[in-house]
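Examining the three-dimensional arrangement
Chain by chain, the residues:
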Amino acid sequence: MNNAVNNRVWSGSWVAERLGVELTGDDKLTGMLGLALRRNPKRAHLLVSNVLGKHVPQAPSVVYGHGFALGRRVRDLLGPDDARAAVVLGYAETATGLGHSVADGLGTAPYLHSTRRPVPGVAPAGGFEESHSHATSHLLLPEDPALLAGDGPLVLVDDEFSTGNTVLNTVRDLHQRYPRARYVVVALVDMRSAADARRLEDFAREIGARVDLVAAASGTVLLPEGVLERGQELVARYESASDAAGRPRGTASPGASARRAAPSQHGGSESESGSGVGREAGPGAGSPGVGEAARPVPAHPHPGHEPARPAGRVARVDLGWPEDLPDGGRHGFTPAHRARLEGALPAMTARLAEALPAGARRVLVLGFEELMYAPLRLARELEQIADAEVRYSTTTRSPVLAVDDPGYAIRSRLVFPAHDDPADGPGERYAYNVAGAGFDAVVAVVDSAADTPALHAPDGLLARLAAHTPHVLLAVVPSYAPAPRYVPERPAMLPEPLRGPAFSSYPPEEVGWLLQDLSDVTLEAPTEEREEAIQSGGAHYAESLPVEYQPSEQYQRLFHTALEESAARLAQAVGAVTEVVLAERSPRPVLVSLARAGTPVGVLMRRWARFRHGLDLPHYAVSIVRGRGIDANALRWLAAHHDPRDVVFVDGWTGKGAITRELAAALAEFEAGDGITGFDPEIAVLADPGSCVRTYGTREDFLIPSACLNSTVSGLISRTVLRADLVGPHDFHGAKFYRELAGADVSTGFLDAVGARFPEVVDAVDAQAKELLSGDRTPTWEGWAAVERISEEYGIHDVNLVKPGVGETTRVLLRRVPWKILARAGAGADLDHVRLLAEQRGVPVEEVGELPYTCVGLIHPRFTRGATGADGRAVTV
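An account of the accompanying structure is given in this report. In every chain, residue numbers begin from 1 and rise along the written sequence. Per-residue local features of the predicted model are confined to residues with pLDDT of at least 70, and side-chain atom pairs are confined, for both listing and counting, to 80 or more; whole-chain, interface and lining totals are unaffected and use all residues. As a convention, hydrogens and water are excluded, and side-chain values are obtained from all of the structure's heavy atoms.

**Some words on the sheet that holds strand β22 (residues 471-477)**
Reading across the sheet, the five strands line up as β16-β22-β21-β17-β18 and stay open at both edges, with parallel pairing between neighbours. Where the open sheet ends on each side, the last strands, each with one partner, are β16 (313-317) and β18 (389-394). The average undirected angle you get between the axes of adjacent strands in this sheet is 20 degrees. When DSSP locates at least two bridges between a pair of strands, those strands are taken to pair. Each helix is a run of H or I in the DSSP string that is no shorter than four residues. Each strand is a run of E no shorter than two, and both are numbered from the N terminus. Sheet analysis places β16 next to β22, joined by five bridges and oriented parallel. Axis definition: a line fitted to C-alpha atoms, over the contacting stretch in the case of helices. Angles run 0 to 180 degrees between N-to-C directions.

What follows is the structure in structure tokens.
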């Protein structure tokens with residue numbers, strides 16, 4: 001390969017000439033990589049990235065831009081649905097920041113990186129070995145154990161993909177624990193041989209998964225025979241020469257005595273540096289855009305011996321890092337964390353900029369080992385607002401030979417003791433290409449676990465930096481340590497309801513959520529994997545969440561059409577059921593909707609009461625879980641704040657009546673256990689096609705548009721969650737607020753469209769309410785009988801696999817594993833969305849003459865992962 005880039009010396013030529021190492025590949029390779037030698041018994045050479053921000057100071061916009069661009073490529077490769085379900089895993093230590101940047105490019109992916117720092121109280125969720133690395137063992141320590149348990153694609157990010165061994169070890173370990181169908185491997189450079197590539201393909205076939213690879217550049221390393229031994233000998237010889245020269249322990253540049261005389265890349269002549277303090281390696285100046293052959297920017301020239309000068313000043317700057325915001329992805333970093341960081345970055349960077357010395361022309365932001373992302377984002381923000389030229393790199397564990405030669409990637413080395421009390425004991429740490437690079441100020445960013453006496457010692461990192469720059473700023477980011485999910489011993493004091501806009505997109509007066517916010521916990525998994533876990537492990541359906549269905553453009557148009565056509569019918573049903581409640585249940589009812597399908601109906605009933613009667617009714621949302629009952633803590637809160645006799649439970653519709661029965665049983669158990677009486681188990685619903693309740697607006701089985709969607713029509717709130725490690729004995733059940741879906745939210749639009757029809761249906765509501773109040777509304781449970789009949793006729797033999805009604809059928813198609821759809825012959829527009837969903841999922845729709853419901857969704861008895869029984873667990877056949 002051509003060793004010159006734009007007529008400049010390639011920073012791999014020194015190694016290539018002495019060891020015969022060659023890089024072959026595309027044109028971008030030499031711009032992105034240099035070569036160095038290291039003390040390592042397994043691999044002598046080191047590929048040194050010019051765009052990673054580890055060994056070579058680089059413009060932060062270039063470093064972040066490469067990772068972000070790779071994330072965008074992954075997003076395009078996966079497509080929107082798989083991209084939303086993806087999880088990104090980065091490798092410690094060199095790729096922690098790169099992986100985080102890739103996750104940013106994907107947009108909504110949670111991020112986790114491996115770590116070599118054990119954290120007390122956090123159980124590993126996996127681990128693997130990196131065979132060629134200086135420090136081989138990786139731990140996976142997610143705060144949320146479910147982060148890796150989904151079936152969405154796992155995106156593995158490393159700086160280089162050399163043999164594939166690390167990826168194979170990772171996938172092998174994780175696939176045994178959390179099998180999935182797709183992996184994407186991302187690297188700045190793909191340097192595998194053809195044999196390595198075939199090995200990965202064979203492994204993918206072996207585990208039955210698809211493995212894709214995305215890289216910014218590709219090629220191979222050609223190693224002559226005996227290169228390891230010759231490389232080790234070369235390292236030993238140069239290190240001996242350095243020791244014999246009596247260079248300070250903190251600085252090493254042992255190649256000065258062996259450098260060739262050559263014209264300087266930076267102007268002037270390239271002379272020996274007896275002090276061993278070299279300039280930053282790299283050909284050329286300027287900051288290339290993403291996709292170009294990015295080159296490190298050369299340092300200011302210091303030809304000859306660097307003059308002795310007083311040690312620089314060390315000062316501390318307070319970033320004002322947000323409380324409880326993770327410092328990186330060691331324990332997981334969610335889209336909500338990302339949003340908090342984006343909001344806090346401008347103020348933190350302004351503090352940094354204010355602390356910089358006046359007139360500083362070149363500034364280095366220096367990260368710390370695995371702490372790469374936070375310093376990178378600070379550096380990138382500083383780059384936008386500071387007058388100075390900003391560069392970014394990080395310290396490292398990896399020992400690399402330093403040679404002050406323009407054809408060598410590591411020109412200088414600072415050596416200092418580890419300062420974070422590492423679990424594997426004390427040792428040396430390094431900062432490369434910093435000494436002699438002409439930085440007017442260095443901002444050292446460490447986490448609080450590394451802010452120890454060793455950092456401030458006379459031979460510590462700060463002192464080493466102060467010997468080579470006039471100003472050193474120390475910025476400490478709080479080390480994030482996961483807290484216990486709950487403390488069972490705490491007093492039973494229940495919080496006030498959550499309200500929008502902090503939780504849900506509904507206005508605060510519309511509904512108070514008697515729930516706890518689990519927005520930062522990864523709970524989603526695609527349908528098949530999630531329900532397989534329910535079946536095989538006995539897990540409860542409420543312990544995880546299905547991935548939120550994001551409608552296609554065609555489906556969204558269908559929703560809006562359905563809403564426009566049915567808004568008046570919905571308004572009439574809302575008015576009728578509200579009038580029945582006011583007449584029979586309480587003149588000032590407390591509406592308590594069953595989250596989440598009941599919540600839009602509860603809000604509409606509240607709006608009708610205000611529109612028609614000037615009443616401002618309290619409205620809350622609570623969780624009820626099949627097989628577990630209603631949230632007892634929510635009932636206790638309601639009883640402490642309202643008369644239980646005024647509480648009216650609200651739901652969207654009935655299917656076969658499972659929730660109706662669940663509520664009655666749960667309230668009986670609550671009354672017996674707590675001694676609190678007065679709650680009425682009768683549910684008020686908009687539609688009762690199953691004839692399961694007395695209080696309803698209609699018994700027609702028609703399309704309620706809020707059944708077409710999930711959170712985006714329910715205030716951006718998830719289905720409720722009940723899991724022992726998240727919900728303690730004194731906690732409300734949990735749910736998530738999907739803030740990131742705000743752009744697709746139609747919650748208030750749905751309410752407004754129905755509410756706009758209230759004036760035109762007043763007379764019809766009065767007539768319908770009068771008819772309901774005077775008629776016989778005794779439940780016949782006709783729907784239950786029909787379900788039992790369908791179960792036998794279709795050879796299913798289990799009613800839990802039959803989901804009756806438009807609402808339940810929609811849920812089957814959105815969240816379950818459907819077998820077929822039964823549609824009543826002649827059903828019209830009410831089933832347009834069902835037919836579209838069925839077509840998208842490849843599910844047949846069968847027309848049936850005698851059917852009490854408009855449609856019924858069926859789950860095949862030989863594929864029961866989509867079915868949960870009355871106890872909330874999987875049905876087994």
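**Description of the pairing of strand β27 (residues 590-594)**
Using a 1.4 Å probe on the protein chains alone, a residue whose accessible area is under 20% of its type maximum counts as buried, one over 50% counts as exposed, and one in between counts as partly exposed. Buried residues dominate β27, accounting for five of its five residues. The two faces of β27 match: Val 590, Val 592 and Leu 594 on one face and Leu 591 and Ser 593 on the other face are all buried. In this structure, β27 lies alongside strand β31 (residues 647-653), joined through four bridges in parallel fashion. By the bridge assignment for β31, Val 592 is matched with Phe 649.

**Some remarks on the pairing of strand β6 (residues 87-90)**
Consecutive side chains along a regular strand alternate between the two faces of the sheet. Here β6 shows two buried faces, one formed by Val 87 and Leu 89 and the other by Val 88 and Gly 90. Bridge count between β6 and strand β10 (residues 154-161): four bridges; the pairing is parallel. What sits directly across from Leu 89, in β10, is Leu 156. Pairing between β6 and strand β7 (residues 111-113): three bridges, direction parallel. Counterpart to Val 88 in the pairing with β7 is Tyr 111. Between the parallel elements β6 and β7, the chain passes through helix α5 (residues 96-106) in a crossover that is right-handed. When the strands point away from the viewer, a crossover counts as right-handed if the route from the first strand across the helix to the second turns clockwise.

**Focus: the packing of aromatic side chains**
Between two aromatic rings, the relevant description is the distance of the centres plus the angle of the planes. In this scheme Phe, Tyr and Trp rings, the latter by its six-membered ring, pair at centre separations within 6.5 Å, and the angle between planes marks the pair as stacked below 30 degrees, edge-to-face above 60, and tilted otherwise. Applying the stated rule across the entire model yields 14 aromatic pairs. Considering the side-chain rings of Trp 14 and Tyr 408, the 5.1 Å spacing of their centres and the 80 degrees angle between planes classify their relative orientation as edge-to-face. Of the two residues, Trp 14 is situated in helix α1 (residues 13-19) and Tyr 408 in the loop between β18 and β19 (413-417); the sequence distance between them amounts to 394 residues. Per residue, the accessibility class of Trp 14 equals that of Tyr 408, and both read buried. Between Tyr 506 and Trp 513, the ring centres sit 6.4 Å apart and the planes meet at 5 degrees, which makes this aromatic pair stacked. The class of Tyr 506 is buried, set by a relative accessible area of 2%. By relative accessible area, which is 0% here, Trp 513 ends up buried. Taken together, the aromatic side chains of Phe 503, Tyr 506, Trp 513 and Phe 737 make up a single cluster linked through ring pairs.

**Topic: the side chain of Asp 405**
Position of Asp 405 among the secondary structure elements: in the loop between β18 and β19. Note on Asp 405: relative accessible area 1%, which makes it buried. We call two N or O atoms a polar contact when they sit within 3.5 Å, provided that within protein one can donate a hydrogen and the other can accept it, with sequence-adjacent residues counted only if both atoms are side-chain atoms. Within the structure, the side chain of Asp 405 is placed 2.7 Å from the backbone nitrogen of Gly 407, a separation counted as a polar contact.

**Quick notes on the nonpolar core**
Within the largest apolar cluster, 135 residues are counted, with the highest numbers of intra-cluster contacts made by Leu 37, Leu 106, Val 155, Val 186, Tyr 408, Val 443 and Leu 465. Apart from residues no more than four positions distant in its own chain, Val 155 is found in contact with Val 74, Ala 86, Val 87, Val 88, Leu 89, Val 102, Leu 106, Val 184 and Val 186. Joining through side-chain atoms within 4.5 Å is the link that ties buried Ala, Val, Leu, Ile, Met, Phe, Trp, Tyr and Cys residues into a set, and such a set is a nonpolar core. Ala 609, Leu 615, Ala 707 and Ala 838 belong to the second largest nonpolar core, which has 77 residues in total. Note on definitions: a residue-residue contact is assigned when non-hydrogen atoms from the two residues lie within 4.5 Å.

**Considerations on unusual backbone geometry**
A cis amide bond, omega -5 degrees, links Ala 92 with the succeeding residue Glu 93. The omega torsion of the bond from Ala 595 to Arg 596 falls at 5 degrees, within 30 degrees of zero and hence cis. Note on placement: Arg 596 falls in the loop between β27 and α15 (598-613). Backbone geometry at Ser 691 places phi at a positive 55 degrees, although glycine is not the residue there. In this structure, Ser 691 sits in the loop between β32 (683-687) and β33 (695-698). The backbone of Leu 716 shows a phi angle near 65 degrees, a positive value even though the residue is not glycine. Relative to the helices and strands, Leu 716 is located in the loop between β33 and β34 (734-735). Leu 716 sits in the buried class, given a relative accessible area of 2%.

Just distances and angles here, no functional claims.
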